[in-house]
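What follows is the residue order along each chain.
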Amino acid sequence: MSEREPVTMMDAATRLDYEFTAGVAMSKNLHGYEQGKFIGQRCPKCKKVYVPSRGSCPTDGLPTDEIVELPNTGTVTTYCVVNVPFAGQSIEIPYICGQILLDGANLSFMGLLQEIPIDEVRMGLRVEAVWVPPEELGPTLASVKYFRPNGEPDADYETYKEYL
Amino acid sequence: MSQYPALTSGRRPVGVVSFAQYDNVRREDARNEVEMLMPVVTEVFGNIGITKDDVGFICSGSTDYLIGGPFSFVAALDAVGVWPPRAESHVEMDGAWALYEAWVLLQEGEIDAALVYCFGRSSMGDLSEIMAVQLDPYYLAPLWPDPTSLAALQAQALIDAGKATEADFAAVASRSRRSALDNPKAQVAYDRSAEELLAEDYEVAPLRRHALPPLTDGCAAVVLAAGDKAYEWCERPAFITGIDHRIETHSVGARDLTVSPSTRTAGEKAGVGTKKVDVAELHAPYAHQELILAEALGLGDGVSVNPSGGALAANPMMSAGLIRIGESARRIWSGQADRAVAHATSGPCLQQNLVCVLEGV
Ligand SMILES: [Zn+2]
């Protein structure tokens, strides 16, 4: 027994599975994607519109009960060119991740930018959402295929500087 | 001139002045954690007519393992709203330990009030697997023992030591579920005799279904206030006269599971035995654990144990301990009790224990 090698390492594989509860507010947002719509919610106090809302205004701690349908257009507040391959990558590199601030929203989210040369992407770029075909729409942000320039002049820095 | 009870722990009288809890349910499908917490936080402030701007510190208790997402406690703060910014902290533990941290900060004297909240859901994953991950990673966790099996070893040890019988476990469950009939927040309540309960099949011998806690989604919140502020917000604050928590080794096999030395020490440090106890709310998820805790705390026959039904009535993870403190405080506010002992536990087979003595003047 004493001749056995000491144990210096062991593997203890751990896997835990979960069911995610989106919540009342987030469910409204997700169902919006089924219809090709961006659904946000407004805080009754500071009037900020969150898309998506998790049910409360993080600033005020109040329920964001007012439903707001947002337009298809927005502004790129900042962006990142992805050149590095990683496990599970579904898009050919290089590609661009933009932070999209929809018009009328007070929270930006990440979206894929296409139909523009990489060296022309810039902060303030005006974009519109391109949705997947109607039969492919589902309760997921993947219903938005990507964002592309909508041809409007760039947004003034003052309009999005709070959302970087 | 406000009257305060003599303190065993600390030097500044800090009272529990408000308490709220979610409707404990088996599974909350519709709301996320923020949406569950918001009404509870609104209620705990609304009870005493204050807002988030009236507390100088926020402390929460939860564990990301239940939700399967990192930093879920940061996201949960959205339920309170933290503008303008204020001091905030979190413990990866039951809310009772978050209350302890807030109590320590209140002792420092820089703030006069704190919000404590906690949340936990058993429905999002397989709780018996999740609970195994808290065990020592080399010898126990790879075996994936579920908490009921570990508790059954403890119950069997009690029987083998001649300290209790299966009928004693059934008696605890029968009384607790009957008391729970008066608790509108109870998830499991019934009027069934111990004899009737003994006819159930074993879940894991020697534990039958009645000796097990329910699986619960829930959350809870408490407001603490110090000195005159406590009287400003509450006619008869439940002052924390003693509070202490102790832990035993993580190696379940190295412990005598029939006793709870950590509870005994915490109880002594909190001054449980110095005066008569009217009510004890014990966080005993499994029926036999109430017997171990009552012995460790030296609770006599005159003590009303778990008038809320305890964790057998509802066992929201990370909240069931704080709820014991809230349930105890409620009985002091109403004058039903002058002195109450609240207890919270964590870890397998009562590994870690917190004891909080509450008194009204
Ligand atoms: Zn707001």
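Below you will find a few notes about this structure. (Residues numbered from 1 in each chain as written. Chains lettered and ligands numbered in written order. Predicted model: local features only at pLDDT ≥ 70, side-chain atom pairs only at ≥ 80, totals over all residues. Heavy atoms only, no water.)

Focus on the overall build of chain A
Note the threshold: Working definition: helices are DSSP H or I runs of at least four residues, strands are E runs of at least two. Numbering for both runs from the N terminus. Per-residue accessibility, obtained with a 1.4 Å probe over protein chains only, is compared with the maximum for each type, and a residue is labelled buried under 20%, exposed over 50%, and partly exposed between these values. Two residues form a contact once any of their heavy atoms are found within 4.5 Å. Here Asp and Glu are counted as negative and Lys and Arg as positive; His is not counted, and neither are the chain ends. A single reference atom marks each charge: NZ on Lys, CZ on Arg, CG on Asp, CD on Glu.
Broken down by element type, chain A carries one helix and eight strands. Moving toward the C terminus, one meets the helices and strands of chain A in the order α-β-β-β-β-β-β-β-β. If you line up chain A on its principal axes, its C-alpha atoms span 75 × 40 × 35 Å. Scored against the burial criterion, the 164 residues of chain A give a buried share of 38%. In chain A, the share of contacts with a sequence separation of at least 24, taken over all contacts with a separation of at least 6, comes to 55%. Of note, chain A has its 14 positive side-chain charges centred 8 Å away from the centre of its 23 negative side-chain charges.

Some thoughts on the overall build of chain B
Put simply, the test is: To get the radius of gyration, use the C-alpha atoms; to get the globule rule, take the number of residues to the power 0.38 and multiply by 2.2 Å.
When its secondary structure is counted, chain B shows 12 helices and 12 strands. In terms of C-alpha radius of gyration, chain B reaches 19 Å, essentially the compact-globule figure of 21 Å for 361 residues. Across its three principal directions, the C-alpha atoms of chain B cover 55 × 45 × 40 Å. Burial analysis of chain B (361 residues in total) assigns 61% to the buried set.

Side note on the coordination of the zinc ion
Residue and element names in this part refer to chain A. Definition in use: Each metal's donors are the N, O and S atoms found within 2.8 Å of it, except that Na, K and Ca use a 3.2 Å limit; water is left out, so coordination can look incomplete. A site with four donors is called tetrahedral when every donor-metal-donor angle falls between 85 and 135 degrees; four donors are called square planar, and six octahedral, when opposite donors sit more than 155 degrees apart and all other angles fall between 65 and 115; any other arrangement is irregular.
Only Cys43 (SG), Cys46 (SG), Cys57 (SG) and Asp60 (OD) from the protein coordinate the zinc ion, and they sit 2.0 to 2.3 Å from it. Because the angles between the four donor atoms bound to the zinc ion fall within 105 to 113°, the donor set is best described as tetrahedral. All donors of the zinc ion come from a single chain, and their spacing in sequence reads C-x2-C-x10-C-x2-D.

Considerations on the environment of B:Gly61
Residues and elements named next belong to chain B. Of note, Gly61 is situated in strand S2 (residues 57-61). For Gly61, a relative accessible area of 0% translates into the label buried. As for Gly61 and Met93, which are separated by 32 residues in sequence, their C-alpha atoms are 5.2 Å apart. Residues within four places of Gly61 in sequence aside, it is in contact with His90, Val91, Met93, Gly95, Ala98, Tyr117, Cys118, Phe119 and Met318.

Some words on the packing of aromatic side chains
Any two aromatic rings considered together are summarised by their centre-to-centre distance and by the angle between their planes. Keep this limit in mind: What counts as a ring pair is set by centres within 6.5 Å for rings of Phe, Tyr and Trp (its six-membered ring), and what kind of pair is set by the plane angle: stacked under 30 degrees, edge-to-face over 60, tilted for all other angles.
Applying the stated criterion to the full structure yields 12 aromatic pairs over all chains. Ring plane angle 85° and centroid distance 6.1 Å describe the contact between A:Tyr33 and A:Phe38, whose orientation is recorded as edge-to-face. Owing to a relative accessible area of 1%, A:Phe38 belongs among the buried residues under this scheme. Centre to centre, the rings of B:Tyr4 and B:Tyr231 are 5.6 Å apart; their planes meet at 55°, and the pair counts as tilted. Remark: B:Tyr231 occurs in helix H9 (residues 227-233) and B:Tyr4 occurs in the segment before strand S1 (14-21); sequence separation between them is 227 residues.

Considerations on empty space enclosed by the protein
Residue and element names in this part refer to chain B. We count it as follows: Cavities and pockets are found on a 1 Å grid laid over the protein atoms alone: a cavity is a set of points where a 1.4 Å probe fits but cannot escape, a pocket is an open set with protein on both sides within 12 Å along at least five of seven lines, and a lining residue has an atom within 4 Å of such a point. Grid points are joined across faces, edges and corners, and a volume is the space filled by probe spheres set on the points. For this scheme, ten residues count as nonpolar: Ala, Val, Leu, Ile, Met, Phe, Trp, Tyr, Cys and Pro. Four count as charged, namely Asp, Glu, Lys and Arg, and the remainder, Gly too, count as polar.
Under the definition given, this model contains one cavity of 30 Å³ or more. With three residues, the top contributor of residues to the lining of the largest cavity is helix H12 (residues 320-333). Here the lining of the largest cavity is built from residues that sort into five nonpolar, four polar and three charged.

Side note on the interface of chain B and chain A
Definition in use: By buried area we mean how much accessible surface two parts lose on assembly, using a 1.4 Å probe and totalling the loss over both. In what follows, salt bridge is the name for a side-chain nitrogen of Lys or Arg lying within 4 Å of a carboxyl oxygen of Asp or Glu.
The interface is formed by 33 residues belonging to chain B together with 25 residues belonging to chain A. Buried area between chain B and chain A, summed over both chains or domains, comes out near 2000 Å², and the portion from carbon and sulfur atoms is 55%. Interface area lost by chain B to chain A is led by B:Met38, B:Asp78 and B:Met124, which between them contribute 25%. Inspection of the chain B/chain A interface yields two salt bridges.

So, the sheet that holds strand S1 (residues 38-42) of chain A
Residues and elements named next belong to chain A. The line we're drawing: The pairing criterion for strands is at least two bridges between them, as found by DSSP. Each axis is a line fitted through C-alpha atoms, and for a helix only the stretch in contact is used; angles between axes span 0 to 180 degrees, taken between their N-to-C directions.
Read across the sheet, three strands follow the order S2-S1-S3 without closing on themselves; strand pairing throughout is antiparallel. Pairing within the sheet leaves two strands with one partner each, and these edge strands are strand S2 (49-50) and strand S3 (66-70). In the packing of helix H1 (residues 24-34) onto the sheet, contacts are made with S1 and S3, and the angle to S1 comes to roughly 155°.

Section: the packing of helix H10 (residues 261-269) of chain B against helix H11 (residues 287-297) of chain B
Residue and element names in this part refer to chain B. Going by this rule: Reported orientations rely on four angle classes, namely roughly parallel under 35 degrees, roughly antiparallel over 145, roughly perpendicular from 65 to 115, and oblique for the rest. The hand of a helix crossing depends on one turn: near helix anticlockwise from the far one by less than a right angle means left-handed, and clockwise means right-handed.
Two numbers describe how H10 lies on H11: the axes approach to 8 Å, and their chain directions differ by 40°. Between H10 and H11, the interaxial angle falls into the category oblique. Relative to H11, H10 is oriented so that their crossing is right-handed. Here Thr263, Arg264 and Gly267 of H10 lie close against H11, whose contacting residues are Leu293, Glu295, Ala296 and Leu297.

Thoughts on the sheet that holds strand S7 (residues 217-226) of chain B
Within a sheet, neighbouring strands are paired by backbone hydrogen bonds and run either parallel or antiparallel to one another. All names here are of chain B. Across the sheet, which stays open at both edges, the 10 strands sit in the order S3-S2-S4-S7-S1-S8-S12-S11-S9-S10 with mixed pairing between neighbours. The open sheet is flanked by strand S3 (87-91) and strand S10 (304-305), the only strands paired with a single partner. Looking at chain direction, strand S8 (residues 238-247) and strand S12 (residues 352-359) are connected through eight bridges and run antiparallel. Each bridged residue has a counterpart across the sheet, and for Gly242 the counterpart in S12 is Val357.

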